[in-house]
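# Chains, contacts and geometry: an overview
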There are 2 protein chains.
Amino acid sequence: MKKDLGVVPAVFPMPVLMIGTYDADGVPDVMNAAWGTICDMDKVALCLGEHQTTKNIAQTGAFTVAIADAAHVKEADFFGIASAGKMADKFARSGMTAVKSTRVNAPIVEEFPLTMECTLLEQVRTESVEMVIGKIVNVVADECVLDEKGKVDAEKLGAISFDQFGKNYLTMGAKIAGAWKAGVPLMQD
Amino acid sequence: MKKDLGVVPAVFPMPVLMIGTYDADGVPDVMNAAWGTICDMDKVALCLGEHQTTKNIAQTGAFTVAIADAAHVKEADFFGIASAGKMADKFARSGMTAVKSTRVNAPIVEEFPLTMECTLLEQVRTESVEMVIGKIVNVVADECVLDEKGKVDAEKLGAISFDQFGKNYLTMGAKIAGAWKAGVPLMQD
């Protein structure tokens, strides 16, 4: 039985993206953003709204995007509910460690397992959408989330997802099938 | 110990979105897309590239976005590896059931648990990005994925995620913390 729910932003899973920037004084800030996606093999698109983060990106032309993990769900949520505009010591309160990227003018938070270092390509503003488009110039990962070939093992990441329906964070489960493999039987006559 | 991985599209989790459209003859098609996000409370942004789906959306001005679930990972993957341009019976081969939406000119696949019905707002093309922006006009859900208040229960959805690192699909785990709640202790002095 199908039910109509009306207008609901029903993409799931959503990522829990940690957007790292410096303000004009070089103070690190991190914002929690679920509305983001890869938009090309070397690009990320973020819908951020108006925040300290968007001001910082416009000024520095750079940002980092880290993947929040279950071990830091408290800090990740704090980065979503605290505003750097109203709380000058926002990042310091998190107890996390910011190290300047060697490639872009933005902070890497040491405790998160995986971070994209990005430069600002474009602030897209059309009649229907506002987005920050970033070029991924490098990714830094904790060695412990890599497989024996040096690639990220999604299960080892310990990533979390944002559930916009119930306003929760969820852990990730296990690999169940290979992409470009599970559907092969339906390809054959 | 941090390792440099170079340029990697490192957003995780990515959703497994099933984009449903009709072609000029009214034949249903479904495409598998991981590069999509909510971009406003009533809007979805999809990076689809050039496919039968993008032609169909341009013609009909409508599409559906369903959330793939673990019970249909084989079909979801098939929708990603088969091309409607080369396989005239693509949708029929999936064995799934397409029913025309009563609100938009696009098919709803009965077997998927949650579907957004969308109209095309804009095809955004800038120097750095190409995106389809859709307006969510309604969401239809299987009763069995709703909680007692009639809202989607993310755990009941049985959704899957696309892992671009290892080219796998993963299940979702359990709720671990409330958003706007987990970080509250860090807000206090």
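Because the structure is a prediction, the values reported are computed rather than measured.

Residue and element names in this part refer to chain B. As defined by bridge partners, strand β7 (residues 62–67) adjoins strand β10 (residues 114–125) across five bridges and the pair is classed as antiparallel. Residue pairing for β10: F63 is matched across the bridge by C118. As judged from the eleven bridges shared by β10 and strand β11 (residues 130–142), these two strands associate in the antiparallel manner. Within β11, the position partnered with M116 by the bridge is V139. Between the end of β10 and the start of β11, which pair antiparallel, lie four residues.

Each partner contributes residues to the interface: chain A has 87 residues there, and chain B has 88 residues. Broken down by element, the side of chain A that touches chain B gets its largest block of residues, eleven residues, from strand β13 (residues 168–178) of chain A. Within the side of chain A that touches chain B, the residues separate by chemical class into 55 nonpolar, 15 polar and 17 charged. With four bridges joining them, strand β1 (residues 2–6) of chain A and β11 of chain B adopt antiparallel strand pairing. If you follow G6 of chain A over to β11 of chain B, its bridge partner there is V139 of chain B.

This part takes up the relation of the copies chain A and chain B. Mapping chain A onto chain B leaves a residual RMSD of 0.0 Å; the transformation is a rotation of 180 degrees accompanied by 0.0 Å of translation along its axis. Such a combination of turn and shift is consistent with a two-fold rotation axis. Both copies share a contact surface, since 100% of the interface residues of chain A are interface residues in chain B too.

All right, on to unusual backbone geometry then. Residues and elements named next belong to chain A. A cis amide bond, omega -5 degrees, links F12 with the succeeding residue P13. Structurally, the position occupied by P13 is in the loop between β1 and β2 (14–15). Backbone geometry at K167 places phi at a positive 60 degrees, although glycine is not the residue there. Structurally, the position occupied by K167 is in the loop between β12 (160–163) and β13. With phi around 65 degrees, W180 is a residue other than glycine that occupies positive phi space. Within the element layout of this structure, W180 appears in the loop between β13 and α5 (184–187).

The next thing to look at is helix α1 (residues 52–60) of chain A. Residue and element names in this part refer to chain A. Residues of α1 that are buried include every one of T53, N56 and I57, and no others. Down the axis of α1, the smallest arc covering the buried residues is 100 degrees, so these residues share one side. Check the buried side of α1 and you find it contacts β3 (17–22), β4 (28–33), β7 (62–67), β10 (114–125) and β11 (130–142). Following α1 by one or two positions, G61 has its phi on the positive side, about 70 degrees.

Across seven bridges, the pairing between β13 of chain A and strand β13 (residues 168–178) of chain B is antiparallel. Across the sheet, G178 of chain A pairs through a bridge with N168 of chain B, a residue of β13 of chain B. Note that strand β12 (residues 160–163) of chain B and β13 of chain B share four bridges and pair antiparallel. If you follow I160 of chain B over to β13 of chain B, its bridge partner there is T171 of chain B. Linking two consecutive strands that pair antiparallel, namely β12 of chain B and β13 of chain B, is a turn of four residues; a positive phi of about 60 degrees is found at K167 of chain B within it.

As summarised here, the arrangement of the six strands in space is β2(A)-β12(A)-β13(A)-β13(B)-β12(B)-β2(B), forming an open sheet in which the pairing is antiparallel. This sheet does not close on itself; its edge strands, each paired only once, are β2 of chain A together with β2 (14–15) of chain B.

A few words on the confidence of the model for chain A. Per-residue confidence for chain A gives a mean pLDDT of 97, with 99% of residues at or over 70. This prediction of the complex comes with two scores: 0.98 for pTM and 0.97 for ipTM.

With 128 residues, the main nonpolar core has M18, V44 and L114 of chain A together with M18, V44 and L114 of chain B as its most contacted residues. Ignoring any residue separated from it by four or fewer positions in sequence, one finds V44 of chain A in contact with G36, I38, C39, V65, M116, C118, G134 and I136 of chain A together with V11 of chain B.

Rules behind the numbers
- Residues numbered from 1 in each chain as written.
- Chains lettered and ligands numbered in written order.
- Predicted model: local features only at pLDDT ≥ 70, side-chain atom pairs only at ≥ 80, totals over all residues.
- Pairing = 2+ DSSP bridges.
- Helix = DSSP H or I, 4+ residues; strand = E, 2+ residues; numbered from the N terminus.
- Contact = placed C-beta atoms within 7 Å.
- Nonpolar A, V, L, I, M, F, W, Y, C, P; charged D, E, K, R; others polar.
- Least-squares fit on C-alpha atoms with pLDDT ≥ 70 in both.
- Buried ≥ 20, exposed ≤ 12 C-beta atoms within 10 Å, placed from the backbone.
- Arc of directions from axis to C-beta.
- pLDDT = per-residue confidence, 0-100.
- Core = buried A, V, L, I, M, F, W, Y, C linked by C-beta atoms within 7 Å.

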